[in-house]
Each structure stands twice: as C-alpha cells, then as structure tokens.
Amino acid sequence: MAEGATAAAAACFSEDDFYCPVCQEVFKTPVRTANCQHVFCRKCFLTAIRESGTHCPLCRGSVTKKERTYPKRALDVENSMKKASGGCRCCEKQVRFSWMRQHYKTCKKYQDEFGVSSIIPNLQISQDSTGNSGHPTFKCPLCQEANFTRQRLLDHCNNRHLYQIVPVICPICVSLPWADTNQVTRNLVSHLNLRHRFDYGEFVNLQLDEEAQYQNAVQESCHVNF
C-alpha cells in the first residue's frame, strides 16, 4: 500500500517539475515558497532572495521573513525525485532524478556538450569589452560578429547558427568570475538556450563565488529577522 501511494505521488509530477528555474539543473534540496508555491534549489533561492529582497525569484510574489532565512523544504518533491526517473538530456538514459546530478558528472555526452571536453581544441576566447551601457558585450564564436548583449547573442545564434555544431568556448561563461577558460561546448546554441536565458546579475553578486554568495544570503536573511 505504501509503495503504491509513493508511486502515485511521483506520477503527479512531470519532468519539468524537477528542474530549478534559476540554475536550470535538477533540484538540490528543493524548497517551496508559501505564497506562490514555486520550487527552487535551497541555495538558489537564498542567493536570489539576497538580490531581490522580498520577492519570489520567478514571479515576484511576496516571500515571508521566515522564508528568507528558513525556506520550507518541498519534501513531496524530494521524495518523488527518489522514485521518479527521467531521461538524461544527452544520452537519454533513464536515471532517478535524485541521482541525475551525479549522472551528469559521468555522462560523456553531457560533458562533451555542456562540460569540459576530453580533448581541448586551440580556441580563441570571444569576449568583448564592457559596452557603453555598462553591460558586457560578446563576440559570436561561430562567425566572429561582435558587440552582442547576452540576449542579442542568443537571438543571433538561434537565427543564424541553429544547426551549426562545432566546438567553441562560450563567451558568456568566460565573462563570469568563476569561469573555466578551458570549458568547451559542442553545441553553442543548445548551451545558450539552456544556460543563459537570463542575466546572472539579476540573481547573484558576480563579484562573489558560489559559497560566498550562499553564506551572505544566510547572513542577510538573519539580519532581516532582527
């Protein structure tokens, strides 16, 4: 009976329900907002709250003071991830969602497309300087056309290079402070649409590394309660 109930609970979710809207990865310690019921990775939520203040990172709905420090874990989602399986976005192997992040670390097809290639070509990093608006601009690594904002680069690549698959270094990734300048993607358009549909600066302080962002988010939330 218990197994049947758990399976029924897992069936209530689609695969999209297990992907964080901030980091675009499978949830890690999922938490849910009380007002709008949106689910995020705990670390993504706390980091975004530090930047957005009192609003949900997805819909700008209100978030309580308590949630800013101790967001409520989405245990139903967490338990369903242990039972539900989905296909790897690259090799299509069926993996339990609770293990999907671990699978991506060892999936060769995923690493070839989104991670570090086993053979690093001699590629030029295509990043331009900061534009007049104060935002960084980028050079398309596929055609070398320059002075694109993040959104214009996405639009350009989707319109001009949708089916062009060659190993390149993503200029947006290189602009981030935690960048690995040797990270190669095999499919730039797919990578841009997956990783760069929003500006990281809207959610995080780009001057801090991930751990520092998390610690500051916790400290900031603690101060709000006093």
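Rules of the game
- Residues numbered from 1 in each chain as written.
- Predicted model: local features only at pLDDT ≥ 70, side-chain atom pairs only at ≥ 80, totals over all residues.
- Heavy atoms only, no water.
- Helix = DSSP H or I, 4+ residues; strand = E, 2+ residues; numbered from the N terminus.
- Buried < 20%, exposed > 50% of the residue type's maximum accessible area, 1.4 Å probe, protein only.
- Contact = heavy atoms within 4.5 Å.
- Areas by Shrake-Rupley, 256 points an atom, 1.4 Å probe, with all protein chains shown as cover.
- Axes fitted to C-alpha atoms, helices over the stretch in contact; angles between N-to-C directions.
- Parallel < 35°, antiparallel > 145°, perpendicular 65-115°, else oblique.
- Left-handed = near helix turned anticlockwise from the far one by under 90°.
- Nonpolar A, V, L, I, M, F, W, Y, C, P; charged D, E, K, R; others polar.
- UniProt positions renumbered as here; feature names shortened; annotations may be inferred.
- Core = buried A, V, L, I, M, F, W, Y, C linked by side-chain atoms within 4.5 Å.
- Domains from an automatic or database assignment.
- Arc of directions from axis to C-beta.
- Pairing = 2+ DSSP bridges.
- Salt bridge = Lys/Arg side-chain N within 4 Å of Asp/Glu carboxyl O.

Enquirer: What am I meant to see in the overall build of the chain here?
Expert: Secondary structure summary: the chain contains 10 helices and 7 strands in total. Taken across its 226 residues, the chain has 41% of its residues classed as buried. Counting contacts in the chain only where the partners sit at least 6 residues apart, residues at least 24 apart contribute 51% of the total. As displayed, the chain offers around 12800 Å² of accessible surface, 50% of which is attributable to carbon and sulfur atoms.

Enquirer: What's the story with the packing of helix 7 (residues 150–160) against helix 9 (residues 188–195) in this structure? I'm lost.
Expert: Relative placement of two packed helices is described by the angle separating their axes and the distance separating the axes. With their axes 10 Å apart at the nearest point, helix 7 and helix 9 run at an angle of 140° to one another. Accordingly, the angle class assigned to the pair helix 7 and helix 9 is oblique. Relative to helix 9, helix 7 is oriented so that their crossing is left-handed. Where helix 7 approaches helix 9, its residues Leu153, Leu154, Cys157 and Asn158 are matched on the opposing element by Leu188, Val189, Leu192 and Asn193. Its residues placed into classes, the contact of helix 7 with helix 9 shows 6 nonpolar, 2 polar and no charged.

Enquirer: So what exactly am I meant to see when it comes to the UniProt feature "domain: C2HC RNF-type" (unreviewed entry) in the chain here?
Expert: Under the UniProt annotation, the feature "domain: C2HC RNF-type" (unreviewed entry) is placed at residues 88–107. The straight-line gap between the two end C-alpha atoms of residues 88–107 is 9 Å; of that span, 35% is helix and 15% is strand.

Enquirer: I keep staring at the environment of His103 and nothing clicks. Help me out?
Expert: Examined against the element boundaries, His103 turns out to sit in helix 5 (residues 100–106). Owing to a relative accessible area of 11%, His103 belongs among the buried residues under this scheme. Counting along the chain gives 10 residues from His103 to Lys93, while the straight-line C-alpha distance between them is 9.4 Å. Setting aside residues up to four positions removed in sequence, His103 forms contacts with Cys88, Cys91, Lys93 and Val95.

Enquirer: Explanation requested: the nonpolar core in the structure shown.
Expert: As a rule of thumb, nonpolar side chains are buried together in soluble globular proteins. In this structure, Phe18, Cys20, Phe27, Phe45, Val77, Met81 and Phe97 are the most contacted members of the largest nonpolar core, which totals 28 residues. With 4 residues, the single largest contributor to this core is helix 2 (residues 42–52). The residue makeup of this core includes at least three contributed by each of domain 1 (30–81) and domain 2 (85–114). Beyond its immediate chain neighbours, meaning those up to four positions away, Cys20 contacts Glu25, Phe27, Phe40, Cys41 and Cys44. Membership of the second largest hydrophobic core comes to 14 residues, among which are Cys140, Phe148, Cys173 and Leu192.

Enquirer: I'm lost on helix 4 (residues 75–83) in this one. Help?
Expert: Every α-helix carries 3.6 residues per turn, so stepping three or four residues along brings you back to the same face. Listing the buried residues of helix 4 in full gives Val77, Glu78, Ser80 and Met81. Seen from one end, helix 4 has its buried residues packed into an arc of 165°, which puts them on one side.

Enquirer: How do you make sense of the sheet that holds strand 1 (residues 30–32) when you look at a structure like this?
Expert: Note: strands within a sheet are paired through backbone hydrogen bonds, in either parallel or antiparallel orientation. Pairing within the open sheet is antiparallel, and its 3 strands lie in the order 2-1-3. The two strands at the open ends of the sheet, each matched to only one other strand, are strand 2 (39–41) and strand 3 (72–73). Pairing between strand 1 and strand 2: 3 bridges, direction antiparallel. Each residue of the ladder has a partner; that of Val31, found in strand 2, is Phe40. Each of strand 1, strand 2 and strand 3 touches helix 4; the most contacted strand, strand 1, lies at about 150° to it.

Enquirer: Explain the pattern of salt bridges to me, please; I cannot follow it from the model alone.
Expert: Scanning all chains against the criterion turns up 3 salt bridges. The salt bridge involving Arg32 is made with Asp76; its shortest N-O contact spans 3.2 Å. Here Arg32, found in strand 1, pairs with Asp76, found in helix 4; they are 44 residues apart in sequence, far enough to count as distant. By relative accessible area, which is 37% here, Asp76 ends up partly exposed. A salt bridge links Arg73 to Glu78, with the nearest nitrogen and oxygen atoms 2.6 Å apart. A residue is classified by how much of its surface remains accessible, and Arg73, at 43% relative accessible area, is partly exposed. Glu78 sits in the buried class, given a relative accessible area of 17%.

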